[in-house]
Amino acid sequence: MHALTGFSLVSLLSFGYLSWDWAKPSLVADGPGEAGEEPSAAPPQPPHIIFILTDDQGYHDVGYHGSDIETPTLDRLAAEGVKLENYYIQPICTPSRSQLLTGRYQIHTGLQHSIIRPRQPNCLPLDQVTLPQKLQEAGYSTHMVGKWHLGFYRKECLPTRRGFDTFLGSLTGNVDYYTYDNCDGPGICGFDLHEGESVAWGLSGQYSTMLYAQRVSHILASHSPRRPLFLYVAFQAVHTPLQSPREYLYRYRTMGNVARRKYAAMVTCMDEAVRNITWALKRYGFYDNSVIIFSSDNGGQTFSGGSNWPLRGRKGTYWEGGVRGLGFVHSPLLKRKRRTSRALVHITDWYPTLVGLAGGTASADDGLDGYDVWPAISEGRASPRTEILHNIDPLYNHARHGSLEGGFGIWNTAVQAAIRVGEWKLLTGDPGYGDWIPPQTLAAFPGSWWNLERMASARQAVWLFNISADPYEREDLAGQRPDVVRALLARLVDYNRTAIPVRYPAENPRAHPDFNGGAWGPWATDDEEEEDEEEARARSFSRGRRKKKCKICKLRSFFRKLNTRLMSHRI
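Per an unreviewed UniProt entry, the recorded name for the protein is Arylsulfatase family member I, and the organism is Rhinolophus ferrumequinum. Taken directly from UniProt, the Sequence similarities (unreviewed entry) text for the protein runs: "Belongs to the sulfatase family." UniProt's Cofactor (unreviewed entry) comment on the protein is quoted here verbatim: "Ca(2+)".

## Some remarks on the pairing of strand β15 (residues 387-393)
The element β15 is largely enclosed, with a buried count of 7 among its 7 residues. Of the pairings in the sheet, the one linking β15 to strand β16 (residues 416-421) comprises 6 bridges and is antiparallel in character. The residue bridging Leu389 from the neighbouring strand is Ile419, located in β16.

## Brief notes about the nonpolar core
Grouped together as the largest cluster of nonpolar side chains are 55 residues, with contacts concentrated most on Ile52, Leu193, Leu220, Phe235, Met270 and Leu281. Elements that contribute at least two residues to this core include exactly β1 (48-54), α2 (72-80), α5 (208-221), β10 (229-234), α7 (258-283) and β11 (290-296). Considering each element in turn, this core owes the most residues, 12 residues, to α7. Once residues within four sequence positions are removed from consideration, Phe235 is found in contact with Ile52, Leu53, Thr54, Asp55, Thr209, Tyr212, Met270, Ala273, Val274 and Ile277. Counting residues in hydrophobic clusters, the runner-up holds 49 residues, among them Tyr140, Leu150, Ala358 and Trp523.

## Concerning the packing of α2 against α7
Their axes nearest at 7 Å, the elements α2 and α7 cross at an angle of 55°. Judged by the angle between their axes, α2 and α7 are oblique. Along the contact surface, α2 presents Pro72, Thr73, Leu74 and Leu77, while α7 presents Met270, Asp271, Val274, Arg275 and Thr278. Of the residues contributing to the contact of α2 with α7, the split by class is 5 nonpolar, 2 polar and 2 charged.

## So, the environment of Gln460
One can find Gln460 in the loop between α11 (447-452) and β18 (462-466). Given the relative accessible area of 26%, Gln460 is considered partly exposed. Residues Gln460 and Asp430, spaced 30 residues apart in sequence, show a C-alpha to C-alpha distance of 8.8 Å. With residues up to four places along the chain from it excluded, the contact list for Gln460 reads His401, Gly429 and Asp476. Polar contacts involving the side chain of Gln460 include one to the side chain of Asp476, which spans 3.1 Å.

## Observations concerning the packing of aromatic side chains
On inspection of all chains with the given rule, the structure shows 16 aromatic pairs. Summarising the aromatic geometry, the rings of Phe51 and Trp350 are spaced 5.9 Å apart at their centres and angled 75° between planes, so their arrangement reads as edge-to-face. With Phe51 in strand β1 and Trp350 in helix α9 (residues 350-357), this residue pair connects regions lying 299 residues apart in the sequence. For the pair shown, Phe51 and Trp350 are each scored as buried. With centroids separated by 6.4 Å and ring planes inclined at 70°, the aromatic side chains of Tyr180 and Phe191 adopt a geometry described as edge-to-face. Placement of the pair is Tyr180 in the loop between β5 (166-170) and β6 (181-183) and Phe191 in strand β7 (residues 189-191), with a sequence separation of 11 residues. A relative accessible area of 5% places Phe191 in the buried class.

Conventions used here
Residues numbered from 1 in each chain as written. Predicted model: local features only at pLDDT ≥ 70, side-chain atom pairs only at ≥ 80, totals over all residues. Heavy atoms only, no water. UniProt positions renumbered as here; feature names shortened; annotations may be inferred. Buried < 20%, exposed > 50% of the residue type's maximum accessible area, 1.4 Å probe, protein only. Helix = DSSP H or I, 4+ residues; strand = E, 2+ residues; numbered from the N terminus. Pairing = 2+ DSSP bridges. Core = buried A, V, L, I, M, F, W, Y, C linked by side-chain atoms within 4.5 Å. Contact = heavy atoms within 4.5 Å. Axes fitted to C-alpha atoms, helices over the stretch in contact; angles between N-to-C directions. Parallel < 35°, antiparallel > 145°, perpendicular 65-115°, else oblique. Nonpolar A, V, L, I, M, F, W, Y, C, P; charged D, E, K, R; others polar. Polar contact = N/O pair within 3.5 Å; in protein donor to acceptor, adjacent residues only side chain to side chain. Phe/Tyr/Trp six-rings, centres within 6.5 Å; stacked < 30°, edge-to-face > 60°.

In structure tokens form, the structure reads like this:
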């Protein structure tokens, strides 16, 4: 009887998301005891872990933050769990994902600068033990669905080589939601949807948010609740391009701003995908022993419909609008539910926290920058974290008005850096555009109102805020508290001593999808990797000790750099 039931349920999945009754109401509100659950005397240990990461969702873009966007599922899950209202992420995609999966700051992985681009021979350092690898050691089955964006130039960089048993998703930073095409410059386009280590040509045409939710349900339907499960669901939504099924757009037809209208539709569609996932957790007997974590990956992109109001800044900046994250934990295992937590939490903390929940160990020898914050989340205890290094990026454009003298002789304030210690937050260099941008619900804004909220001056390179008292960063206290500025600069110096060199290699023309069957994917061979390493070692030696390179290596290196420069100018 059970075998027949399982067969029929799995078969229904092939008919698409409609077979899951997408519009069924109150899926999250349903209590335990759904069909398909097997009774047991006690919930199995350790818990099933479901980590849901959204892309470019703004701080204001959820119902419980007063948004005009409908997110009933997220609102309900957050209300019944623990809302994280002092939660920090990174300002762009790759850094947040790398810190989630390694528990380390960017300065300790060499990914301090920008993102990993499709044609760069770069990926999450192979010597790092990832979160899914640690969970595999603890007996977990690990699955990833969605956006990777942690490099893929070698097969060893792929999700299935970094701890995930299965993978369905994209390797690059953004793709078309239906065709899964991605262009990294004029004429440099390729298909990017992969299943395992193969190109999933046959899945093109399905809207990614629905496809990913359907795959999660399929995994749950075919997995035994008796074995612990780690599901990493990294939605492409709500990153550009702004695309949504028509039925969701219709709900926001009265919204004047077109970008905001499309963006809102995408958020609501993603919310319903989360509802489907939660329903599947209940249906197949996982929910009672599960921990659901929801997180955004960076601030919203205000140029593309997102909103971080009333916070300052946007995606790509170190103002609160770029690094203050949406986050909550929903779980029957929480000891204190239905509350808001002000405990300081950073995205690196999920690594030791989840390893601890899984019964594994994350010792100080692992070199983690994260803390186990489960007691703070579940029981309401004080957070073990007292400070956050947002980043130190020595390659970012140096601020014109920064100097070593302006940093008391201990820190060059032209360097982009940001740190929070206790209640204080310090920014140096160029933190990015610092406007306060209200939700763009209207087709256009009065010019006088817009200008009132724009950053008046950029003739400085140091800012200091008391974030607890001034979360909107409107009162700069750098001039009034030079003692605090000096103390936080000293902390930046301490962190910088532990930083490893930035890894941001030149783009490789060999990565062009035309050389890889029309799809983005691994391109580097072992020989090419050895040549790149040899060139890197040679550059570090003095001229007298530099090794001779063969003519073909010199020519290959020359044309690689030439092509990269030409394409950079063209882009």
